[in-house]
Structures are given as C-alpha cells and as structure tokens.
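Observations on the three-dimensional arrangement
One letter stands for each residue in the lines below.
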Amino acid sequence: MVGLIVQAVEKHPAPEGMAYTYGTAGFRTKAEVLDSVLTRVGLIAALRSRSLKGKWIGVMITASHNPPSDNGVKLVEPMGNMLQEDWEKLSTTMANKATPDDVLEYYREIAETQHINLDAPARVVVARDTRASGARLLGCLVDGLKAAGAEYKDYGFLTTPQLHYMVRCLNTEGQYDSYGTPTEKGYYEKFGAAFKHAMKGKKPSGGLIVDCANGVGGPKLNELIKYLPTKEEGGLDITVINDNVIKPESLNVDCGADYVKTNQRPPPSSKAGPNDRCCSLDGDADRVVYYFKDSSNTFRLLDGDRIATLVASFLGDLVRQAGLADKITIGVVQTAYANGAATKYVEQHLKLNVECTPTGVKYLHHAAEKFDVGVYFEANGHGTVVFSDSTLRRIQKHVPGSLGQKEAWDVLRATVELINQAVGDALSDMLLVELVLAHKHWTVNEWLATYDDLPNRLLKVTVSDRNIFKTTDAERRLVSPPGVQANIDQEVQKVRQGRSFARASGTEDAVRVYAEAATRAEADGLANKVASLVK
Ligand code: 16G
Ligand code: ZN
C-alpha cells in the first residue's frame with residue numbers, strides 16, 4: 001500500500017502556491033487545479049470508512065451552481081450527512097501536503113491519532129455531476145482509492161442528493177431502518193410511490209415548468225417522471241426545460257436556481273406565461289426555488305423561506321388532523337438571510353418555534369435534528385425536513401381515532417417517505433411542494449398571499465481581508481473589526497422595520513451584506529450604507 005500511495009500522489013502532483021480549504025461545500029475551485037486534491041480525498045475517504053469499521057462513505061464530484069469551468073468534491077457520512085467537522089480539518093491539511101512523502105506520513109499520522117486499523121475494510125461510493133472535467137477528476141479520485149486499498153462503487157452521473165441516498169441505503173441495507181434500494185431505480189420507485197400515495201388522487205392545478213440548469217438534474221428528472229402518475233392519471237403535467245447535458249459549457253449559464261434567485265428573474269429561455277408555476281434546480285439538484293410572473297407581468301419569487309413555511313404549515317395540519325398534535329412538536333430552522341416576514345409568519349401565524357443558525361446546510365440540518373420534526377431551508381432553496389427516530393416510531397404506532405384522523409395519518413406517513421431525509425433534494429422537495437399545493441387546492445397566487453416579503457437587498461463587497469470579519473449570534477452580529485457593528489446598528493435604527501448584517505462568504509473572497517426594510521428605497525439605502533461601513 002505504501003508504494004501505491006506514493007505512486008498515486010506522484011502521478012497527480014500538487015500545483016505550487018495553492019491553498020485548499022474544505023469549506024461549507026467541500027473543496028471547490030477551478031477544475032484544472034483539483035487533480036491532486038481528488039487523489040488525496042480518495043485517501044481520506046478510505047481512512048474515514050476504516051475509522052467507521054468499513055461503513056460506506058460517499059464522494060461527490062460537483063461544483064453545484066458554480067460556472068462550468070469549476071469543479072469540487074465533498075464527502076458524505078454513512079447516514080447521508082455532511083462530513084464531520086474534525087474530518088474537514090484533516091481533509092484540508094491532507095490537501096495541502098506538498099510531496100508524496102508528506103502525504104504518506106500524514107496518512108499514517110491520521111491512522112494513529114484516530115486509532116484506525118489500516119487493515120479494516122474501506123468502502124466508498126462515488127458519483128459526479130455532468131461537468132466536462134468530471135471524468136478526469138474521477139480518475140484522480142480512483143487512483144487514490146485504489147492506492148489506499150478501498151473497495152469502491154462508481155454510480156456514474158447522479159444528483160448530489162441521489163448520492164447521499166445511495167450512501168444511506170448501502171449502510172442500512174437489510175436493517176430495521178433500511179432506507180431503500182441502493183440503485184437509481186430504487187430511488188425513483190421510492191419517491192414515485194410515496195408521491196402517489198400522498199396525493200390520494202388530489203389533482204394539481206395547472207402544469208409545472210422545471211428549469212434544470214442544464215445539469216444532472218435534467219436527465220434524472222426525465223427518468224423520475226416515468227415513475228410518477230401520468231397527466232391522464234391526474235398526475236403532474238411537467239415541462240422540463242434547460243436539460244441539455246450534451247453541452248456541459250451551458251451548465252448554470254443563464255438558468256438554474258442561483259441565476260433566478262440572484263437576478264430575480266426567470267431564465268431567458270423560459271416561455272412561461274402569466275401565473276404559470278415554474279421552478280429552477282441548481283447544477284447538482286440539491287436546491288430548488290419556485291417563481292412565476294403575475295397577471296401584471298411582475299416576477300414573483302417563492303424561495304426557500306416560502307417552501308419552509310408552506311411545508312411547515314402542511315405538516316402542522318396533518319399532525320393535528322391525525323390526532324398527534326400533543327405528541328409531536330414542529331420547528332423551523334432558518335439562517336439570517338430568511339426574510340423577516342417569513343420568520344414572523346412562522347412564529348405568529350403558524351405558532352411554531354424558529355431557530356436561526358449560521359449559513360451552510362450542516363448547521364441547519366444539525367439544528368433541525370433537535371426537533372421532533374425539523375423543517376429547515378435556506379432562502380436560496382437548500383433544505384429538507386428531518387424526523388427524529390422517536391417521532392417516526394410514534395407516527396408508525398399511532399392508532400387513529402376516526403376516519404378523518406386515519407386519512408391525515410395515511411398522508412403523513414406517505415409524506416415522510418417522500419422527503420429525502422439524508423439531505424435537501426431538489427427533486428423530492430419539488431414533489432413535496434406540488435403535493436402541498438394540490439392538497440391545499442392552491443395556485444402560486446394563494447401561496448404568495450400567505451405573507452408579504454419585506455423588500456431586501458444582498459450586496460457582495462470586495463474587501464482586502466475578509467478573514468477579519470468575525471460574527472456571533474448566528475452571523476447576525478459582527479464582533480470584529482471592532483466598532484463596525486455599532487455603526488451598523490445606528491444605520492438600522494434610521495429605517496423602518498430595518499435589519500442588516502455583514503458576514504464573510506465561505507465560498508468567495510468577499511463580504512456579503514444583507515439588508516431589509518419597510519420599503520425598497522430604505523432597504524437599498526441601508527444595504528449601501530452598511531456596505532460602505534465594511535469596505
Ligand atoms: C454553500 C452551502 C450553502 C450556502 C452557501 C453560502 C452547503 C451544501 N452549501 O454553497 O448552503 O448557502 O455556501 O455561500 O452547505 P456563501 O458563504 O458564499 O454566502
Ligand atoms: Zn447545489
């Protein structure tokens with residue numbers, strides 16, 4: 001193994017002068033400087049699996065909504081969660097080791113400090129999105145896996161959430177908590193069947209146009225559709241757009257969830273008419289946002305906050321109608337980017353607890369796990385719902401006291417099945433939204449009418465050193481540089497319903513400023529003021 005590791009690392013030398021970091025979404029940068037990282041990630045994945053006595057670990061090669069020339073890689077824990085934090089640090093250190101000998105030495109050091117038996121089995125599942133650089137990077141990864149003596153399964157192209165699903169299925173196969181069949185067909189069958197059950201013959205109002213960002217979500221959605229009830233059977237009428245994966249240079253270009261959310265407009269390729277329900281996935285299909293143009297042709301976004309409130313209200317109703325209200329509590333987890341109006345709606349109208357965490361799926365997911373039912377979404381469309389084990393058992397064991405309770409209980413159980421609890425999944429989230437709208441007999445207009453978003457503005461500010469920006473209170477307040485927060489507070493006081501914060505981006509060399517207020521002019525003014533304070 002020693003010789004093999006040295007050989008593999010020699011084959012993919014690290015470029016000089018690069019500093020890699022395992023950030024909120026793994027390693028992510030220009031694809032051309034990632035070869036050495038992938039080989040080292042192969043070694044880390046093998047070690048992680050061995051540290052867990054041969055449980056399957058996932059490796060996903062993707063750069064999500066980033067431009068086509070970027071790529072990235074992230075590791076997935078056995079139950080489909082994001083990589084544990086101490087292993088993020090080990091990964092970062094490993095990625096920055098310069099020579100083959102340094103890598104080998106660090107490999108052994110990890111084994112020693114983490115008490116890993118290097119003869120234990122190592123099992124790793126890998127998949128990638130549709131980027132042109134994916135095949136080459138897969139080769140680099142596999143060299144690392146083979147050198148470390150890991151058994152590996154390559155699923156080819158998958159969405160990120162599908163890979164998370166496979167990992168969870170493989171580790172629970174044959175057990176009481178078996179998550180499903182670890183095949184693509186198994187994934188479509190599971191979610192297709194759950195959707196059909198949960199719909200209970202309800203008819204969706206109108207069709208749905210799905211923009212797939214020209215990414216891996218396109219072909220996968222086209223496949224999933226085959227497992228859903230047809231339009232004739234009262235199922236969804238889905239029109240798929242931007243599903244061209246033959247031209248990888250079109251990935252995320254003028255389309256996709258990030259484009260729509262950032263530019264506040266539909267993809268130019270969309271032919272949707274007024275009040276047509278639309279949604280956009282991102283490049284690896286773990287994010288989804290809804291939108292439409294209203295009768296006066298104004299663009300209306302239904303983002304992650306809206307999905308969270310819609311889903312939380314639906315689950316709240318089901319739990320109540322099933323007779324489980326006094327046994328199950330529902331909580332909503334948001335980040336500081338959640339619109340103040342959404343937070344108020346959840347607290348005052350839905351009467352549910354809200355928790356705020358720092359940006360990044362792992363923080364939200366973790367906080368959501370503390371509730372019986374935790375609904376978590378970032379405003380940008382990342383999110384899902386997690387049910388605690390005891391809640392799942394409680395739901396299973398429940399004995400409904402009436403026909404009405406039984407109806408709600410049936411829908412609740414099917415809805416649990418429909419939600420990809422391993423990680424936020426744009427395809428599963430999309431089916432969930434469609435389900436709720438059908439049950440509520442709502443169009444996008446009723447959904448939008450639940451509350452009015454406060455006007456808000458997000459700015460990206462280039463600074464000389466973003467690392468000096470340190471936050472507290474779930475990124476809502478700056479503790480460094482000194483004095484800046486007090487100045488922000490003063491500006492916030494000057495506008496009505498004002499709220500603003502600044503935080504260093506975890507994915508770009510910049511500081512992000514968010515501001516909201518009672519009017520567009522006040523929100524824009526506040527954002528500009530705060531931006532000038534952090535410059
Ligand atoms: C990453 C995170 C995403 C977050 C974004 C913030 C995951 C899987 N992805 O893409 O959740 O919204 O970073 O980016 O956790 P920023 O730090 O540049 O604002
Ligand atoms: Zn993504």
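Looking at an unreviewed UniProt entry, the protein carries the name Phosphoacetylglucosamine mutase, with the source organism given as Sporormia fimetaria CBS 119925. According to the UniProt record, the Sequence similarities (unreviewed entry) comment for the protein is "Belongs to the phosphohexose mutase family."

**Describing the overall build of the protein**
Tallying secondary structure elements over the protein gives 18 helices and 19 strands in all. The C-alpha radius of gyration of the protein comes to 23 Å, within 12% of the 24 Å expected for a compact globule of 535 residues. In terms of its C-alpha atoms, the protein occupies a principal-axis envelope of roughly 65 × 55 × 45 Å. Expressed as a percentage of the 535 residues in the protein, the buried residues total 50%. Of the contacts made within the protein by residues no fewer than 6 positions apart, 72% connect residues no fewer than 24 positions apart.

**Here we look at the UniProt feature "domain: Phosphoacetylglucosamine mutase AMG1" (unreviewed entry) in the protein**
Per the UniProt record, the feature "domain: Phosphoacetylglucosamine mutase AMG1" (unreviewed entry) sits at residues 183-289 and 303-442. End C-alpha to end C-alpha, residues 183-289 measures 27 Å, and it is 30% helix and 14% strand.

**Quick word on the site of ligand 1**
By nearness alone, 13 residues border ligand 1, and A25, V361, S505, G506 and T507 come closest of all. Of the residues that constitute the shell around ligand 1, the class distribution is 2 nonpolar, 8 polar and 3 charged. Looking at the shell around ligand 1, you find at least three residues from each of domain 3 (304-448) and domain 4 (456-534).

**With respect to the environment of A111**
Residue position: A111 is located in helix α4 (residues 100-113). A111 sits in the partly exposed class, given 15 other C-beta atoms within 10 Å. Not counting residues within four places of it along the chain, the set of residues in contact with A111 comprises L47, I116 and L118.

**Re the nonpolar core**
Inside soluble globular proteins, nonpolar side chains tend to come together where they are buried. In terms of nonpolar packing, the biggest core is built from 162 residues, with A45, V124, L141, V311 and V375 touching the most fellow members. Ranked by the residues each element gives to this core, the list is headed by helix α15 (residues 426-440), at 10 residues. Other than its neighbours up to four places away in sequence, V375 contacts A308, V311, A312, L315, I330, V332 and V385.

**Brief notes about the UniProt feature "domain: Alpha-D-phosphohexomutase alpha/beta/alpha" (unreviewed entry) in the protein**
Those places that UniProt annotates as "domain: Alpha-D-phosphohexomutase alpha/beta/alpha" (unreviewed entry) correspond, in this numbering, to residues 57-89 and 97-174. Structurally, residues 57-89 comprises 15% helix and 36% strand, and the distance from its first C-alpha atom to its last is 17 Å.

**Details of the environment of E475**
One can find E475 in the loop between β16 (470-472) and β17 (477-480). Along the primary structure E475 and K97 are separated by 378 residues, whereas in three dimensions their C-alpha atoms are 32 Å apart. Residues within four places of E475 in sequence aside, it is in contact with A336, P358, T359, F501 and R503.

Reading the values: rules and limits
Residues numbered from 1 in each chain as written. Chains lettered and ligands numbered in written order. Predicted model: local features only at pLDDT ≥ 70, side-chain atom pairs only at ≥ 80, totals over all residues. UniProt positions renumbered as here; feature names shortened; annotations may be inferred. Helix = DSSP H or I, 4+ residues; strand = E, 2+ residues; numbered from the N terminus. Rg over C-alpha atoms; globule rule 2.2 N^0.38 Å. Buried ≥ 20, exposed ≤ 12 C-beta atoms within 10 Å, placed from the backbone. Contact = placed C-beta atoms within 7 Å. Near = placed C-beta within 6 Å. Nonpolar A, V, L, I, M, F, W, Y, C, P; charged D, E, K, R; others polar. Domains from an automatic or database assignment. Core = buried A, V, L, I, M, F, W, Y, C linked by C-beta atoms within 7 Å.

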